[in-house]
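Structural overview for review
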Amino acid sequence: MASLLSTQSSPLLTNGANKEKSQQQYPDIILSELPKERGWLTEHVHQYKDFWYSAGILQGLISLQQNFKPKPNDVLLASYPKSGTTWLKALLFAITNRTKYDYKTHPLLSSNPHELVHQLEAYAFKHPTNPTPNSSLMHSHLAFNSLPESILGGEDSNSKCKIVYVFRDPKDVLASCWHFVQKLRPKDLPMLSLQEAFDLFTKGCSPFGPFWDHVIGYYKASLEFPKSVFFLRYEDLKKDPIFHAKKLAEFLGQPFSLEEESEGIIEKITELCSFEKLSSLEVNKDGTHTGFFIPTIANNIFFRQGKVGDSKNHLSEEMIKVMDEITKQKLGFDLMNTSFSPQQNGKGIESDQNHSN
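As a starting point, this report considers the structure included with it. Predicted model only: the values in this text are computed from it and were never measured.

Scoring rules and cut-offs
- Residues numbered from 1 in each chain as written.
- Predicted model: local features only at pLDDT ≥ 70, side-chain atom pairs only at ≥ 80, totals over all residues.
- Heavy atoms only, no water.
- Helix = DSSP H or I, 4+ residues; strand = E, 2+ residues; numbered from the N terminus.
- Core = buried A, V, L, I, M, F, W, Y, C linked by side-chain atoms within 4.5 Å.
- Buried < 20%, exposed > 50% of the residue type's maximum accessible area, 1.4 Å probe, protein only.
- Contact = heavy atoms within 4.5 Å.
- Pairing = 2+ DSSP bridges.
- Axes fitted to C-alpha atoms, helices over the stretch in contact; angles between N-to-C directions.
- Parallel < 35°, antiparallel > 145°, perpendicular 65-115°, else oblique.
- Nonpolar A, V, L, I, M, F, W, Y, C, P; charged D, E, K, R; others polar.

With respect to the environment of Leu58
For Leu58, the location among the structural elements is in helix α2 (residues 55-67). Expressed as a C-alpha distance, the spacing of Leu58 and His46, which sit 12 residues apart in the sequence, is 8.6 Å.

Some details on the nonpolar core
In this structure, Trp40, Tyr53, Leu147, Ile151, Ile163, Phe201 and Leu248 are the most contacted members of the largest nonpolar core, which totals 101 residues. With eight residues, the single largest contributor to this core is helix α3 (residues 85-96). Here Leu147 is in contact with Leu76, Ser140, Leu142, Leu152, Ile163 and Tyr218, once residues within four sequence places are set aside.

Some words on the sheet that holds strand β1 (residues 36-38)
On the basis of which strands lie adjacent, the open sheet formed by three strands has the order β1-β2-β3 and antiparallel pairing. Across the chains shown, the open sheet's two edge strands, defined by having one partner strand only, are β1 and β3 (51-53). The mean inter-strand angle of the sheet, taken between neighbouring strand axes irrespective of direction, is 35°. Note: β1 against strand β2 (residues 44-48), three bridges, orientation antiparallel.

Focus: the environment of Tyr48
Inspection of the secondary structure assignment puts Tyr48 in strand β2. Looking at Tyr48, the relative accessible area reads 6%, which means it is buried. Sequence separation between Tyr48 and Leu58 is 10 residues; the distance between their C-alpha atoms is 8.2 Å.

Examining the sheet that holds strand β8 (residues 229-233)
Reading across from one edge, β5-β6-β4-β7-β8 is the order of the five strands in this open sheet, with parallel pairing throughout. The open sheet is flanked by β5 (118-119) and β8, the only strands paired with a single partner. Sheet topology places strand β4 (residues 75-79) next to strand β7 (residues 162-167); five bridges connect them, and they run parallel. The residue bridging Val75 from the neighbouring strand is Lys162, located in β7.

Quick notes on the pairing of β7
For β7, a buried count of five out of six residues is recorded, marking the element as mostly surrounded by other parts of the structure. Across five bridges, β7 lies against β8 in parallel orientation. Bridge pairing links Val164 to Phe230 in β8.

Observations concerning the packing of helix α7 (residues 170-184) against helix α16 (residues 317-331)
Interaxial distance between α7 and α16 falls to 9 Å at its minimum, and their mutual angle equals 125°. By the angle between their directions, the pair α7 and α16 is classed as oblique. Here Pro170, Lys171 and Leu174 of α7 lie close against α16, whose contacting residues are Ile320, Met323, Asp324 and Thr327. Split by residue class, the contact of α7 with α16 holds four nonpolar, one polar and two charged.

A look at unusual backbone geometry
Across the junction of Gly209 and Pro210, the peptide omega takes the value 15°, indicating a cis bond. By secondary structure assignment, the location of Pro210 is in the loop between α8 (194-202) and α9 (211-224). Residue Lys49 is not a glycine yet carries a positive backbone phi of 50°. By the secondary structure assignment, Lys49 is in the loop between β2 and β3. For Asp50, which is not glycine, the phi dihedral falls at a positive 75°. Along the polypeptide, Asp50 turns up in the loop between β2 and β3.

Any functional reading would require information that these geometric values do not contain.
Structural data, given as structure tokens:
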């Protein structure tokens with residue numbers, strides 16, 4: 001979500017000047033012609049392909065669509081902002097690099113997870129002609145239909161890139177997003193109250209939103225491309241991190257061996273990546289890093305509480321009721337009480353919409 005902080009002008013966008021030239025190169029992105037709404041961390045966000053992005057995000061999006069070249073065995077973590085991104089970055093980094101590091105000198109002990117796993121749209125904003133990071137593990141907040149075609153692998157094949165999508169109760173997402181914004185919203189912009197954030201969120205004008213379209217896009221992709229898209233609920237991961245760490249490793253084609261299990265490697269990884277461990281590290285309490293659209297960002301801003309159901313301490317009963325009704329209406333099923341179970345054979349995700357936990 002920090003990637004919404006760009007206030008720089010984009011060479012790939014236009015406010016109307018040189019319109020003819022821009023249309024020849026980028027016929028779909030004429031900034032002044034896109035619908036706009038009040039931004040959460042910028043003055044405005046603009047609607048592109050049914051989703052809302054800042055100008056900086058749109059620039060990165062264009063660069064990715066035109067120039068991104070996936071590598072064999074790439075893994076993309078996808079998420080809506082404040083859905084467990086920091087935790088999943090750490091967990092996926094630890095799982096995919098578990099043979100490279102010990103647990104006394106592990107990079108996660110001295111680096112924030114966002115330093116270790118690039119956000120694609122932010123990286124592309126800074127490297128528009130070569131937006132492909134060297135690392136094979138990446139992250140994006142972009143909606144599924146905004147991802148570059150090179151990631152999706154074309155119409156007649158599964159994605160060339162393994163995609164792990166994590167989603168969270170939208171009520172907790174809203175509360176977490178609003179708290180996050182309070183710490184980063186530029187002082188020259190008017191205050192954004194919780195009621196205003198709620199109104200924007202529920203009508204879909206939220207960072208990378210609408211939230212419900214974001215979730216359903218990846219959900220449908222997990223059904224269409226079960227070998228390529230893993231659909232994971234944050235609350236399930238909180239409930240049983242060891243089980244889901246094992247399933248993630250299997251999905252990525254890097255299952256834990258019997259020897260690793262007997263040595264407690266899964267437990268070591270989940271402990272290392274836990275909220276309690278990461279938030280207590282010096283680098284995450286007092287450190288800063290770059291990588292988004294501002295020179296530096298404090299690492300501690302990514303560690304607030306991470307609790308399931310924290311929204312009830314911030315949202316009114318009426319807000320909660322409205323959010324639950326919208327969720328059922330938009331998705332057609334109860335998002336938080338539907339079973340999304342990883343298949344035992346590793347083929348992907350099954351959803352039983354008639355089963356409640």
